[in-house]
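Commentary on secondary and tertiary structure
The chain contents come next:
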Amino acid sequence: STSTTYNWQRKQKTKRSMTEECPAPSTPPSRPVLPVEDPDSSWYILRESQPFLTIPTKQESSTTETQDITRIACISDTHGEHRNIPIPKCDILIHGGDFTNTGEPEQVEDMCRWFAELKENGTVQHDIICIAGNH
C-alpha cells in the first residue's frame, strides 16, 4: 500500500541521512580473537602479554612484634597437598577453597588435623578461615 511504501522510504532516508551525518567509528585497536570455548588456547595467546610479579615471601616473623599489625596468610587450591605448603607465622590463615581433590573424607580429616597443628605450634596465632570449595 501507499502508506507502507512511504514509511519504508522514510526509514531508509533517515538511515541514509544519519549515516552521512555521523562520522565513521574509529578502528578499534588490534586484539587477538580468543577461542572462548578453549581456555588453554586463550591462555597460550595471552600469556606473553601478562605481567607476573614475584611475590615476596618470608618464613620468619618480624623480630619487632607490634599489637597494631594483623598478619594474614592466604592459600587456596591445595587439592590434598596442604602439608607441602610453607605457611609463614600469621595471625589469621585463610584457605580460599578446593582443599581436596574430589571431596575425599581422608583429605578433609587431614586438613582439620593440619589446622590444629598450625594452631598448636604457633604458626597461626588466632583464627583459621576455610572455604570448602570455590566453584
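Quick caveat: nothing in here was measured; it's all calculated off a predicted structure. The residue numbering used here restarts from 1 in each chain and proceeds along that chain's sequence as written. With pLDDT at 70 or above as the cut-off, local features in this predicted model cover only qualifying residues; side-chain atom pairs require 80 or more to be listed or tallied, and sums for whole chains, interfaces and linings still use all residues. To get the side-chain values, all heavy atoms of the structure are used, and hydrogens and water are removed first.

1. A closer look at the side chain of Thr 123
This is how it is decided: Elements are defined by DSSP. Helices are runs of H or I of four residues or more, strands are runs of E of two residues or more, and each kind is numbered from the N terminus. Buried means the residue's accessible area, taken with a 1.4 Å probe over protein chains only, is under 20% of the maximum for its type, while exposed means over 50%, and partly exposed covers the values in between. Contacts were defined at the residue level, with two residues in contact if any of their heavy atoms lie within 4.5 Å.
Locating Thr 123 in the fold gives a position in the loop between helix 3 (105–120) and strand 3 (124–130). Judged by its relative accessible area of 15%, Thr 123 falls in the buried class. Each residue touching Thr 123, except ones within four places of it in the same chain, is listed here: Ile 87, Pro 88, Lys 89, Cys 90 and Leu 118.

2. Quick look at the nonpolar core
Our working definition: Here, nonpolar core refers to any group of buried Ala, Val, Leu, Ile, Met, Phe, Trp, Tyr and Cys residues whose side-chain atoms link them within 4.5 Å.
Listed in full, the 11 residues of the largest apolar core are Ala 73, Ile 75, Ile 87, Cys 90, Leu 93, Phe 99, Met 111, Trp 114, Phe 115, Leu 118 and Val 124. Of all the secondary structure elements, the ones that give two or more residues to this core are strand 1 (72–75), strand 2 (90–95) and helix 3. Looking at this core element by element, the count peaks at 4 residues for helix 3. Setting aside residues up to four positions removed in sequence, Phe 115 forms contacts with Leu 93, His 95, Ile 128 and Cys 130.

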